[in-house]
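Chain residues, written in single-letter form:
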Amino acid sequence: MRVLLVGAGGVGTAVTRIAARRPFFDLMVVADYDRARAEAAVAAVGDDRFRAERVDAGDEAAVAALLARHGCDVLLNATDPRFVMPLFRAARKAGADYLDMAMSLSRPHSERPYEECGVKLGDEQFALAGEWEQAGALALVGMGVEPGLSDVFARYAADELFDGIEEIGIRDGANLTVDGYDFAPSFSIWTTIEECLNPPVVYEQGRGWFTTAPFSEPEVFDFPDGIGPVECVNVEHEEVLLVPRWVDARRVTFKYGLGREFIETLKTLHLLGLDRTTPVTVPGADGPVAVSPRDVVAASLPDPATLGERMRGKTCAGTWVRGVKDGRPREVYLYHVVDNEWSMAEYGCQAVVWQTALNPVVALELLATGVWSGSGVLGPEAFPARPFLDLLTEYGSPWGVREQ
């Protein structure tokens, strides 16, 4: 397998460090708008299967040409969601398979944003599914940790743990702290603003997909491995759009453990218009400059990839499932916990970015070995879960199941 990895930030760098320990690929081209960043990621692994390049992720022709020049079989997208569609189209143009960790962006309903869906996450990609299927090519979408591993858990629960499922709820929580910072998100603030301030989507059989208000339906969820109780709220996330396509469940939700202070900060950014992506004009040393308020916020905060030495605690991604097995009610939580101290010592990567990067590498190996195969635009739920979870454990990062 020959891979083009686009994006050499925190997640992309973690991908290289995880993949370097596995033999399933022949070449991984690491491409970034900042060539120095790509070169640093390659130099750190000291493996001649890796090569650095510069590319603008928004330039479809340049990306397609890079895929062709290196004979890459698959494009792994490790950029933020703004670049999903250009990279998705570039892969199709070049005849390569495609894998991402976040799907094409949504747009709220113009009149009823907190009741009805507008353009949903992934709609632009699924609209082109026929082209991919007809070409016999695969776009594996939403294959990070959430979405990604959480979706694999949903498929596993449906296949092996339940006869019928009432509800699938993704529940994400952590007890991470960052020394020296009052506010320092552990993941991309650009993406966090997008998913937390957009109308959250809920799925119910008979009703389909609908929206609610941001941060709605708060609940306290008890996370394993010493993390403990964390208040979780509804946010927009891909799993709610993916799981019902392949798994039969009466209701699907996603709730994120953000904390009161984090929520209030996001609300303030929204109140001030600092969550907007449309550029505003501000004075500059050489005259007026057009900048996106959200990009300014991101530039003003520390890069999450650089916070590992200051971070303490654990992060947990998981899927809570309620239903029936052998005629009796059953409720479980399938989960994956990463301790930041361990990920820093083992890989030099902070826990959140490492956990995100791990899963696409596992998926690439399953595709390279033919254990997973398919065509069209498919989510993780479209593939058998057991091989993924067995390989995840082989990578030295076991998962767990807790009866509730």
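Residues numbered from 1 in each chain as written. Predicted model: local features only at pLDDT ≥ 70, side-chain atom pairs only at ≥ 80, totals over all residues. Heavy atoms only, no water.

Let us now look at the packing of aromatic side chains. Within the structure shown, the criterion is met by 20 aromatic pairs. Between Phe88 and Tyr98, the aromatic rings sit 5.4 Å apart at their centres with planes inclined by 90°, giving edge-to-face as the arrangement. Of the two residues, Phe88 is situated in helix H4 (residues 84-94) and Tyr98 in strand E5 (residues 97-100); the sequence distance between them amounts to 10 residues. Of the residues examined, Tyr98 reaches a relative accessible area of 1% and is grouped as buried. A connected cluster of aromatic rings, assembled from ring pairs, spans Phe221, Phe223, Tyr333 and Tyr335. Geometry around Tyr33 places Arg54 over its ring, the cationic atom sitting 4.3 Å from the centre. If you follow Arg207 out to its NZ or CZ, it ends over the ring of Phe210, 3.5 Å from the centre. (Phe/Tyr/Trp six-rings, centres within 6.5 Å; stacked < 30°, edge-to-face > 60°. Helix = DSSP H or I, 4+ residues; strand = E, 2+ residues; numbered from the N terminus. Buried < 20%, exposed > 50% of the residue type's maximum accessible area, 1.4 Å probe, protein only. Lys NZ or Arg CZ within 6 Å of the ring centre and 35° of its normal.)

This paragraph deals with the packing of helix H8 (residues 189-197) against helix H10 (residues 260-271). For the pair H8 and H10, interaxial distance at closest approach is 11 Å and the crossing angle is 90°. Accordingly, the angle class assigned to the pair H8 and H10 is roughly perpendicular. Across the interface between the two elements, Thr192, Ile193, Cys196 and Leu197 from H8 touch Phe262, Leu266, Leu269 and His270 from H10. By residue class, the composition of the contact of H8 with H10 is six nonpolar, two polar and no charged. (Axes fitted to C-alpha atoms, helices over the stretch in contact; angles between N-to-C directions. Parallel < 35°, antiparallel > 145°, perpendicular 65-115°, else oblique. Contact = heavy atoms within 4.5 Å. Nonpolar A, V, L, I, M, F, W, Y, C, P; charged D, E, K, R; others polar.)

Residues Ile168 and Phe388 are the most contacted members of the largest nonpolar core, which totals 90 residues. For this core, the leading source of residues is helix H13 (residues 351-368), giving 10 residues. Counting 29 residues, the second largest nonpolar core, distinct from the first, contains Val6, Ala31, Val141 and Leu242. (Core = buried A, V, L, I, M, F, W, Y, C linked by side-chain atoms within 4.5 Å.)

The next point concerns the environment of Ala102. Of note, Ala102 is situated in the loop between E5 and helix H5 (123-126). Taking the relative accessible area as the measure of exposure, Ala102 reaches 18% and is therefore buried. Each C-alpha atom of the pair Ala102 and Phe50 lies 24 Å from the other, and the pair is 52 residues apart in sequence. Not counting chain neighbours up to four residues away, the residues in contact with Ala102 comprise Pro81, Val84 and Glu238.

Neither face of strand E4 (residues 74-77) is left uncovered, since the one carrying Val74 and Leu76 and the one carrying Leu75 and Asn77 both have all their residues buried. Pairing of E4 with E5, which is carried by four bridges, proceeds in the parallel orientation. Paired with Leu76 across the bridge in E5 is Leu99. (Pairing = 2+ DSSP bridges.)

Let us now look at the pairing of strand E9 (residues 201-204). Where E9 lies against strand E10 (residues 208-211), four bridges are found, and the strand directions are antiparallel. Each residue of the ladder has a partner; that of Glu204, found in E10, is Gly208. Once E9 ends, the chain turns through three residues before running back antiparallel as E10, passing Gly206 with a positive phi of about 90°. Of the pairings in the sheet, the one linking E9 to strand E13 (residues 251-256) comprises two bridges and is antiparallel in character.

A large share of H8 lies buried, amounting to nine of its nine residues. By the burial criterion, the buried members of H8 are Ile189, Trp190, Thr191, Thr192, Ile193, Glu194, Glu195, Cys196 and Leu197. Next to the buried residues of H8 lie E13, H10 and helix H11 (293-300).

Read from one edge of the open sheet, seven strands run E3-E2-E1-E4-E5-E6-E19, paired in parallel fashion. Of all the strands in the sheet, just strand E3 (50-54) and strand E19 (376-378) have a single pairing partner and so form its edges. Ignoring strand direction, the axes of neighbouring strands in this sheet form an average angle of 20°. Lying on the sheet, H4 is in contact with strand E1 (2-6), E4, E5, strand E6 (138-140) and E19; it crosses E5 at an angle near 160°.

Before going further, it helps to examine the environment of Ser292. Within the secondary structure layout, Ser292 lies in the loop between strand E15 (289-291) and H11. In this structure the C-alpha to C-alpha distance between Ser292 and Leu274, which are 18 residues apart in sequence, comes to 8.4 Å. Polar side-chain contacts of Ser292 include one of 3.5 Å to the backbone oxygen of Thr277. (Polar contact = N/O pair within 3.5 Å; in protein donor to acceptor, adjacent residues only side chain to side chain.)

We now examine the side chain of Asp172. Inspection of the secondary structure puts Asp172 in strand E7 (residues 164-174). One buried charged residue, Asp172, forms no salt bridge at all, with the nearest opposite charge on Arg171 at 11 Å. Every residue in contact with Asp172, bar those within four places of it in the chain, is listed here: Glu146, Phe223, Cys232, Phe254, Lys255, Tyr256, Gly257 and Cys316. (Lys, Arg positive; Asp, Glu negative; His and termini not counted. Salt bridge = Lys/Arg side-chain N within 4 Å of Asp/Glu carboxyl O.)

Its place among the elements puts Asp32 in strand E2 (residues 27-32). Since its relative accessible area comes to 4%, Asp32 is described here as buried. Side-chain polar atoms of Asp32 contact the backbone nitrogen of Ala8, separated by 2.7 Å. Excluding residues within four positions of it along the chain, Asp32 makes contact with Gly7, Ala8, Gly9, Arg37, Ala38, Glu53, Arg54 and Val55.

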